[in-house]
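# Breakdown of the fold
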Amino acid sequence: MKKTYRILPVYTGDVSGAASALYEFGGMTVIHDPSGCNSTYNTHDETRWFDKESLIYISGLNDIDAITGNDDKFISDICAAAERMKPRFIALANSPLPYLNGTDFKGICRVLEEKTGLPCFYVNTNAMHDYSMGQSEAFLSFAKKMLQSPEKKIPNGVNIIGMTPLDLTSTKIELSGYETVSNWGLNTSYDEAVRAAEAELNIAVSSSGIAACKYMEEEYGIPYIKGLPWEGKPSDYMDVERKPSVNFIVGEPVISGSIAAYIKIKTGIDYNVIATTEITDGLLLKCDRKCHGEEELEEALKEADNIIADPMVRLISPPNANFIELPHFALSGRLYLKKIPDLLKPGLYYPGI
Amino acid sequence: MPTSSDERVRIGDAEFPKPFVNGLEFNAPVHGTWNIVHIGFRIPEAHQIYICADNCLRGVVMTAAEMGELGRFSSVVLEEDDMTHSGRIEETTIEGVTDCLRKLAKIPPVVIVFPVCVHRFMGCDIGYIYKELEKRFPDVIFIRGFMDPVMQKRGTTPDQRLRKAMSDIIPKLPVKEDTVAFAGSDMPASENDFKKILEFNSKTVKDTADCRTLEEYLSTGEASLFICQYPAGLMAAKAITQRLDRKYIYCPLSFDFDTVEEEIRQSGLSVPDGFFEDGKEACIAEMKKLKDLIKDTPVAIDYTAVPKPLSLARFLKDNGINVTTVYLDAVDGSEKADFEYLQKNFPELILHSTMHVSDRRPVRSNENVLAVGQKAAWFEGTGNFVNMIEGGGFYGFSGICEFIRLMEDAFNNSKDMRDIVPRKGLGCRSCI
């Protein structure tokens, strides 16, 4: 049964993804939820609490307010918090119960804008998707609400889009001849993020950056490429041809695809991507595939010779396959936090290249 | 007297039992307290199955993973189609739990099933689910858990109900008058006067928080007396003693000598000669040592460390300790007398909310603070803290003495707060 998990954890959920994406953007993210989402995000899906503050809260929804659809308390609590904490914007994230009772978040945003004078937007989550969907929605919603046509362009200015601690640990991207305008959203700030439209190129470093990149392409004419920029220049991992093989990289498709491309270029060895996160449209080569859930992934790995994946995937991998550990915070969380390599330095995680 | 809309209030100005206005909630990155996963694993050999949406599942599955207990944990993911098709949520729950159990190498004897908030809101037929599961797995004892935090603001919390559900499987065994069981707590009884007195009375002592086998856990059904020392376990203690027709004593860690003496006397157990006098003297002597050591160092207490934080604050204040702040969000009804005492005698004592929006930017002084509890440590930014939850299994004069010694130790030896407080479930294995 695809919906059951015997031994693997699920990926970080969409609500946490939304909060992670907006963490450093200077706003106030409010999750309309009783309690669980906040605790989960706080504990397992976020690493920055001790070093950087962020205004992330829950509404503390109770059963009566959920049943009666009472939004008044939600609105007045947000207004009070905004008055006190002075955020640059307000973002609202959904969770299962408000999703079920059809809470009108867009309407609430309009009311909040009127009452607080702050930009307010809705991030379309419901806790039933993975973090890449939540991050993608958050970046896209932020772009739609907060970006404006730039007065000037920065020559060779580049945005890094789709970067959070859920996928990546480092922002040390060295692009010769380019100037980084903004990073969405690690080691960044509100002032940096809202300048994004001044860039001339976007680089989507994960699947959660694609939607915002597409939006900026349509709205501001900024082209984008996808993939981790190694060796000083932006490059699209999908330009590197790979053939079907029994070597697999399991994980998020843009990062996994970039690693596969890099290995192919450096060694000539073909690795196929098994994408286990949700956003995959246009991100996989023909030799790659998508897997949903533990059962499907276990089946897909049955014939594997070499596997590059989070250490937890070893639990469902064939014992005779060669397994190279590549911890992924959005899967194994804090268990392998200290072993997560800097993905911008590929030599660290794929020995022998 | 108005409830404060600020994150802090003088106790002299505070309202009982809710000193603070409800609003958006902050969650401090402090996780030593137990959640329903930790509690459920207290039953040896029990397997836990959660049926919920991705984001909700993540927290519990990672709790199990960080405990190294994924082998005793399975999950069923709810998706949109489970919400929109009539009868689908029951089907997914039944078939999901069935699939989880059939994938295990061996069917476990006890399975704790956790439906969630959406099961309630969809009017899911929970009774039918268990009827069907019990038909499919007649040898399995199913425990009816629930992970529904939406209910906790106005009624019982999921962990209170889980403790009760866990006690519901303890059978009514022939009573053994010489057997007494601690029940309802997460912390096994440790420095605990009741434990000592029970030994003095030659009683056989069992503890639901410290069972090695399922058989041992179920054998608590032969106890003649149950002792509950943690507020969240009281509902379970009442239910099991009513069902088994036994007695219970409820006595959470108190720092009031008269309360301790009264509770022990009411138990009807024999006490050694001079027990109360010696106990009080030892506490007073230990407290004097503490005062000489820490002098006027500010002390902050939080509600996760002990079940009665205001009782502790009162005890320390009465003995000249400079308690400046108590971190809590509400005052338990059992602490009303302590609240009023402190309000009258120490009105400057600060009550500080742990989830107010402004707590996201805590204002920390440069003064060295001695903290009691992980949250107090985080808010005060100190490594000098007593690392304890739920009273640590302490009770009585021996418990108070040991508690004071822990304060002395915390004052003398700084801990790595940043490493310790993010770890979940103090006392459980942590693989991070």
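Residues numbered from 1 in each chain as written. Chains lettered and ligands numbered in written order. Predicted model: local features only at pLDDT ≥ 70, side-chain atom pairs only at ≥ 80, totals over all residues. Heavy atoms only, no water.

## Looking at the side chain of Q229(B)
Residue and element names in this part refer to chain B. Spelled out, the test is: Helix and strand definitions follow DSSP, with helices as H or I runs of at least four residues and strands as E runs of at least two, each counted in order from the N terminus. By the criterion applied in these results, polar contacts are pairs of N or O atoms within 3.5 Å in which, for protein atoms, one can donate a hydrogen and the other can accept it, and in which residues neighboring in sequence qualify only through two side-chain atoms. The contact criterion used throughout is that any non-hydrogen atoms of two residues lie within 4.5 Å.
Following the sequence through the fold, Q229 ends up in the loop between β8 (223-228) and α10 (234-244). At 2.6 Å, the side chain of Q229 and the side chain of N192 are in polar contact. Once you skip the residues sitting within four places of it in the chain, Q229 turns out to touch F182, A183, S185, N192, F194, C251, P252, L253, P307 and Y395.

## A short note on the nonpolar core
Generally speaking, a soluble globular protein has its nonpolar side chains buried in company with each other. Convention followed: Residues grouped as a nonpolar core are buried Ala, Val, Leu, Ile, Met, Phe, Trp, Tyr and Cys residues, joined through side-chain atoms within 4.5 Å. Exposure categories follow from relative accessible area, calculated using a 1.4 Å probe and restricted to protein chains: below 20% of the type maximum is buried, above 50% is exposed, and the middle band is partly exposed.
Ranked by size, the top nonpolar core spans 110 residues in total, and within it L297(A), Y50(B) and F142(B) carry the most contacts. If you tally residues by element for this core, the top one is helix α2 (residues 54-67) of chain B, at 7 residues. Dropping the residues within four chain positions of it, L297(A) is found in contact with L8(A), V250(A), I274(A), T276(A), C291(A), V313(A) and I316(A). Core analysis: the next-biggest nonpolar cluster, separate from the first, contains 57 residues, V180(B), V306(B), L342(B) and V372(B) among them.

## A closer look at the domain arrangement of chain B
Residue and element names in this part refer to chain B. For the record, the criterion: For the domains described, the bounds stem from an automatic or database domain assignment. Each of two parts loses accessible area, computed with a 1.4 Å probe, when they are put together; buried area is these two losses added. Salt bridges, as used here, are contacts in which a Lys or Arg side-chain nitrogen is within 4 Å of a carboxyl oxygen on Asp or Glu.
The domains assigned to chain B are domain 1 (8-28 + 286-420), domain 2 (36-155) and domain 3 (176-266). The C-alpha centroid of domain 3 is placed 27 Å from the C-alpha centroid of domain 1. Between domain 1 and domain 3, the contact holds 20 residues from the first and 24 residues from the second. Where domain 1 abuts domain 3, roughly 2,100 Å² becomes buried across the two surfaces, and 66% of that area is made up of carbon and sulfur atoms. Of all residues in domain 1, the largest losses of buried area upon contact with domain 3 belong to E390, Y395 and F397, amounting jointly to 36% of the total for that side. Summed over the shared surface of domain 1 and domain 3, the number is 0 salt bridges.

## Description of the layout of surface pockets
Note the cut-off: Whether a set of points on the 1 Å grid over the protein atoms alone is a cavity depends on a 1.4 Å probe fitting there but being unable to get out, while an open set qualifies as a pocket with protein on both sides within 12 Å along at least five of seven lines; lining residues are those with an atom within 4 Å of a point. Grid points are joined across faces, edges and corners, and a volume is the space filled by probe spheres set on the points. Residue polarity is assigned by list, with Asp, Glu, Lys and Arg as charged and Ala, Val, Leu, Ile, Met, Phe, Trp, Tyr, Cys and Pro as nonpolar; anything else, Gly included, falls into the polar class.
When its volume is computed, the second largest pocket comes out at roughly 780 Å³. Forming the boundary of the second largest pocket are 32 residues, of which E46(A), T47(A), R334(A), L337(A) and R418(B) lie nearest the centre. Mapped onto the lining of the second largest pocket, the elements with two or more residues apiece are α2 (36-44) of chain A together with α17 (417-420) of chain B. Split into classes, the residues belonging to the lining of the second largest pocket amount to 14 nonpolar, 8 polar and 10 charged.

## A short note on the sheet that holds strand β13 (residues 306-309) of chain A
All names here are of chain A. Rule in force here: Here, strands pair whenever DSSP counts at least two bridges between them. The convention used is that axes are lines fitted to C-alpha atoms, helices contributing only their stretch in contact, and that angles between N-to-C directions extend from 0 to 180 degrees.
The strand order across the open sheet formed by 5 strands is β12-β11-β10-β13-β14, and the pairing between neighbours is parallel. Taken across any chain shown, the strands that pair with only one partner, and hence form the sheet edges, are β12 (289-290) and β14 (322-325). Direction of pairing for strand β10 (residues 247-251) relative to strand β11 (residues 272-275): parallel, over a ladder of 4 bridges. In the sheet register, I249 faces β11, and the bridge partner there is V273. Sheet strands touched by helix α10 (residues 253-267): β10, β11 and β13. Its angle to β10, the strand with the most contacts, is close to 150 degrees.

## What to know about the domain arrangement of chain A
Residue and element names in this part refer to chain A. Taken domain by domain, chain A holds domain 1 (14-146), domain 2 (157-226) and domain 3 (237-348). For domain 2 and domain 3, the distance between their C-alpha centroids amounts to 23 Å. If you look at the interface, domain 2 gives 17 residues, while domain 3 gives 18 residues. Of the roughly 1,300 Å² buried between domain 2 and domain 3, counting both surfaces, carbon and sulfur atoms make up 67%. Broken down residue by residue, the surface that domain 2 buries against domain 3 is led by D167, S207 and K226, which jointly contribute 42%. Across the domain 2-domain 3 interface, the total number found is 0 salt bridges. On inspection of domain 2 and its partner domain 3, the count reaches 6 residue pairs in polar contact (both at pLDDT 80 or more).

## With respect to the sheet that holds strand β4 (residues 90-93) of chain A
Hydrogen bonds along the backbone pair up the strands of a sheet, which may run parallel or antiparallel. All names here are of chain A. Overall, parallel pairing links the 4 strands, which are arranged β3-β2-β4-β5 in an open sheet. If you trace the sheet from one side to the other, it starts and ends with β3 (55-58) and β5 (120-123), each paired once. Sheet twist, expressed as the average angle between the axes of neighbouring strands with direction ignored, equals 20 degrees. Two strands pair when backbone bridges link them, and β4 and β5 are joined in this way by 4 bridges, in the parallel orientation. What sits directly across from L92, in β5, is Y122. On the sheet, helix α6 (residues 105-116) packs against β4 and β5 and is oriented at approximately 160 degrees with respect to β5.

## A few points about the state of the cysteines
Our working definition: We call a pair of cysteine sulfur atoms a disulfide whenever their separation is within 2.5 Å.
A complete count under the given rule lists 0 disulfides over all chains for this structure. Note on C287(A): no disulfide assigned, nearest cysteine sulfur contributed by C291(A) at a separation of 14 Å. Free cysteine C52(B): the closest other cysteine sulfur is in C56(B), separated by 5.4 Å. Judged by relative accessible area, which is 0%, C52(B) ranks as buried.

## Some thoughts on the interface of chain A and chain B
Facing the 70 residues of chain A at the interface are 67 residues of chain B. The contact between chain A and chain B buries some 5,700 Å² in all, and 58% of this surface belongs to carbon and sulfur atoms. Of all residues in chain A, K3(A), F50(A) and R334(A) bury the most surface against chain B, accounting for 14% of the area lost on that side. The interface formed by chain A and chain B includes 9 salt bridges. A salt bridge links E53(A) to R361(B); its shortest N-O distance comes to 2.5 Å. Inspection of the region where chain A meets chain B yields 39 residue pairs in polar contact (both at pLDDT 80 or more). Here the side of chain A that touches chain B takes 8 residues from α2(A), the largest share from any one element. Of the residues in the side of chain A that touches chain B, the class split is 36 nonpolar, 21 polar and 13 charged.

## Some points on unusual backbone geometry
Each neighbour pair has its own omega, and for W184(A) with G185(A) the value is -5 degrees, a cis peptide bond. Position of G185(A) among the secondary structure elements: in the loop between β7 (179-184) and α8 (190-193). Although it is not a glycine, K295(B) adopts a positive phi angle of roughly 50 degrees. Positionally, K295(B) belongs in the loop between α12 (275-294) and β10 (299-302). Judged by relative accessible area, which is 52%, K295(B) ranks as exposed.

## With respect to the packing of helix α7 (residues 158-168) of chain B against α10(B)
All names here are of chain B. The cut-off we apply is this: Roughly parallel means an angle under 35 degrees; roughly antiparallel, over 145; roughly perpendicular, 65 to 115; everything else is oblique. By definition, any crossing whose near helix is turned counterclockwise from its far helix by less than a right angle is left-handed, and any crossing with a clockwise turn is right-handed.
Contact geometry of α7 with α10 gives a least axis separation of 8 Å together with a crossing angle of 25 degrees. With respect to their mutual orientation, α7 and α10 come out roughly parallel. In this structure, the crossing between α7 and α10 has a hand that is right-handed. Mapping the contact onto sequence places Q160, R161, R163, K164, S167 and D168 in α7 and M235, A236, A239, I240 and R243 in α10. Class assignment for the residues of the contact of α7 with α10 results in 4 nonpolar, 2 polar and 5 charged.

## Examining the pairing of strand β4 (residues 110-114) of chain B
Residues and elements named next belong to chain B. Most of β4 sits inside the fold, with 5 of its 5 residues counted as buried. On β4, burial covers both faces: V110, I112 and F114 on one face and V111 and V113 on the other are all buried. The pairing of strand β2 (residues 46-52) with β4 spans 5 bridges and is parallel. Across the sheet, the residue bridging to A46 is V110, located in β4. Bridge count between β4 and strand β5 (residues 141-144): 4 bridges; the pairing is parallel. In the strand pairing of β5, V111 is matched with F142.

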